[in-house]
Amino acid sequence: MTDTRVQYQEETNVRTEETERATEQEEEHCPECGGDILADEEHGETVCEECGLVIEEDSIDRGPEWRAFDSAEKDQKSRVGAPTTKMMHDDGLSTNIGWQNKDAYGNQLSSSQREKMQRLRTWNERFRTRDSKERNLKQALGEIDRMASALGLPEDVRETASVIYRRALNEDLLPGRSIEGVATASLYAAARQTGTPRSIDEVATVSRIDEMEFKRTYRYIVRELNLEIQPADPEQYVGRFASELGISDEAEHRARELLQNAKEQSIHSGKSPVGLAAAAVYAAPLLCNESVTQSEVSDVTDISEVTIRNRYKELLEADGQAQFA
């Protein structure tokens, strides 16, 4: 008796699955001509692209019922909170009391209400950072955001740096090292991982620690967290250097060709990628009959003119342009 019930249940499940598949196929294609269907969100209809049959109408509009014409108006009308982010120590989930002493209608608060709001802000801040670990994380993420803004790094790099710092904090890698040092190392590693690298000198300039501590902490973080960071590609620096120097697209393309030829002949091995990129953006405009000086390239790339000249000769020889060296 039990076997019969089991068999009946299995047959029922099979028929249900076949019915669902048939329904899905019917929904994907027009029931009249079998053509592809298209969702017309403007009119709230689902129509066939081939014969124009209206398959469904009066569909639900899941978007907002209001319109916004700029970002400020969008933020004002939106009734949901900000998305979670690793760039805040509490993932952006806690309440944040604004600093404006105004009510919902834009009127100034009275003195007693202002004092009350100030006490609420104080207690809210205390609850947001309840222990030393959260205070540490808040300070470090603020430091990462400050340095990333100074270096012009995008949001994905900041998110990656925040995740790296959180891993270092959770694995107790901070004792004996400064918060600023680990934050700087995390940001530099994140920039390398996401393909938007900055040179060590650039990062050290905006950091609050000296360059030796920065390098030492970076090596320690990479080793302990087993971060997979590939050697920096000189071509990744070309776009930014070319933009700051104002050279043409043709010269930028020529600079990339010089670096590709150098990599094919393994000339880049053991040499600074920033130095090679600086030499390429100096050599390429000259080959394209554009004017650029070594001092201008040196100022933009923070590479000495001696290094630029040495790498410049090597790039031209690898490209078969030794007569210009």
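Located above this text is the structure these notes cover.
What you are looking at is a predicted structure, and each value in this text was computed from that prediction instead of being measured.

*Asks:* Explain the layout of surface pockets to me, please; I cannot follow it from the model alone.
*Replies:* Which parts of space are left empty comes out when a probe the size of a water molecule is rolled across the atoms. The space that makes up the largest pocket amounts to roughly 300 Å³. Around the largest pocket sit 21 residues that line it, and Ala232, Lys271, Ser272, Pro273 and Val274 are the ones nearest its centre. Residues that form the lining of the largest pocket fall into these classes: nine nonpolar, five polar and seven charged.

*Asks:* How should I be thinking about the environment of arginine 254 in this particular structure?
*Replies:* Residue placement: arginine 254 occurs in helix H10 (residues 249-264). Between the alpha carbons of arginine 254 and alanine 283 there is a distance of 8.8 Å; along the sequence they are 29 residues apart.

*Asks:* Looking at this structure, I do not really get the state of the cysteines. What am I missing?
*Replies:* Such a bond, covalent and formed between the sulfur atoms of two cysteines, is termed a disulfide. Within the structure shown, the criterion is met by zero disulfides. Cysteine cysteine 33 remains unbridged, with the sulfur of cysteine 48 as its closest cysteine sulfur at 3.5 Å. Overall, cysteine 33 belongs to the partly exposed group, its relative accessible area being 43%.

*Asks:* Would you explain the side chain of arginine 158 in this entry?
*Replies:* Locating arginine 158 in the fold gives a position in helix H5 (residues 155-170). Under the relative-accessibility criterion, arginine 158 is labelled buried at 15%. Here the side chain of arginine 158 touches leucine 153 through a polar contact of 3.2 Å, landing on its backbone oxygen. Beyond its immediate sequence surroundings of up to four residues, arginine 158 is in contact with Met87, Ile144, Asp145, Ala148, Ser149 and Leu153.

*Asks:* Just to check I follow, could you spell out helix H12 (residues 294-301) for this structure?
*Replies:* Along an α-helix, a turn takes 3.6 residues, which lines up residues three or four apart on a common side. When H12 is considered as a whole, its buried residues turn out to be Gln294, Val297, Ser298 and Thr301. Mapping the buried residues of H12 onto a view down its axis gives an arc of 100 degrees, with all of them on the same face. Where the residues of H12 are buried, they touch helix H9 (235-245), helix H11 (273-287) and helix H13 (305-318). Among the residues trailing H12, aspartate 302 stands out with phi positive, at a value near 60 degrees.

*Asks:* Whenever I open this one, the packing of aromatic side chains confuses me. Can you help?
*Replies:* Where two aromatic rings form a pair, the distance of their centres and the angle of their planes describe that pair. Under the definition given, this model contains four aromatic pairs. The interplanar angle of 25 degrees and the centroid separation of 6.0 Å between the aromatic rings of tyrosine 237 and phenylalanine 241 together place this pair among those described as stacked. Placement of the pair is tyrosine 237 and phenylalanine 241 together in helix H9, with a separation of four residues, close to one helical turn. The residues tyrosine 237 and phenylalanine 241 share a single accessibility class, namely buried. Ring centres 5.0 Å apart and planes at 65 degrees place the aromatic pair tyrosine 282 and tyrosine 312 in the edge-to-face group. Placement of tyrosine 282 in helix H11 and of tyrosine 312 in helix H13 is noted, with a sequence separation of 30 residues between them. Taken as a pair, tyrosine 282 and tyrosine 312 share a single burial class, namely buried. Looking at arginine 177, its charged tip hangs above the ring of tyrosine 220, at a distance of 3.5 Å from the centre.

Thresholds applied
Residues numbered from 1 in each chain as written. Predicted model: local features only at pLDDT ≥ 70, side-chain atom pairs only at ≥ 80, totals over all residues. Heavy atoms only, no water. 1 Å grid on protein atoms, 1.4 Å probe; cavity = no way out; pocket = protein on both sides within 12 Å on 5 of 7 lines; lining within 4 Å. Points joined across faces, edges and corners; volume = space filled by probe spheres on them. Nonpolar A, V, L, I, M, F, W, Y, C, P; charged D, E, K, R; others polar. Helix = DSSP H or I, 4+ residues; strand = E, 2+ residues; numbered from the N terminus. Disulfide = S-S within 2.5 Å. Buried < 20%, exposed > 50% of the residue type's maximum accessible area, 1.4 Å probe, protein only. Polar contact = N/O pair within 3.5 Å; in protein donor to acceptor, adjacent residues only side chain to side chain. Contact = heavy atoms within 4.5 Å. Arc of directions from axis to C-beta. Phe/Tyr/Trp six-rings, centres within 6.5 Å; stacked < 30°, edge-to-face > 60°. Lys NZ or Arg CZ within 6 Å of the ring centre and 35° of its normal.

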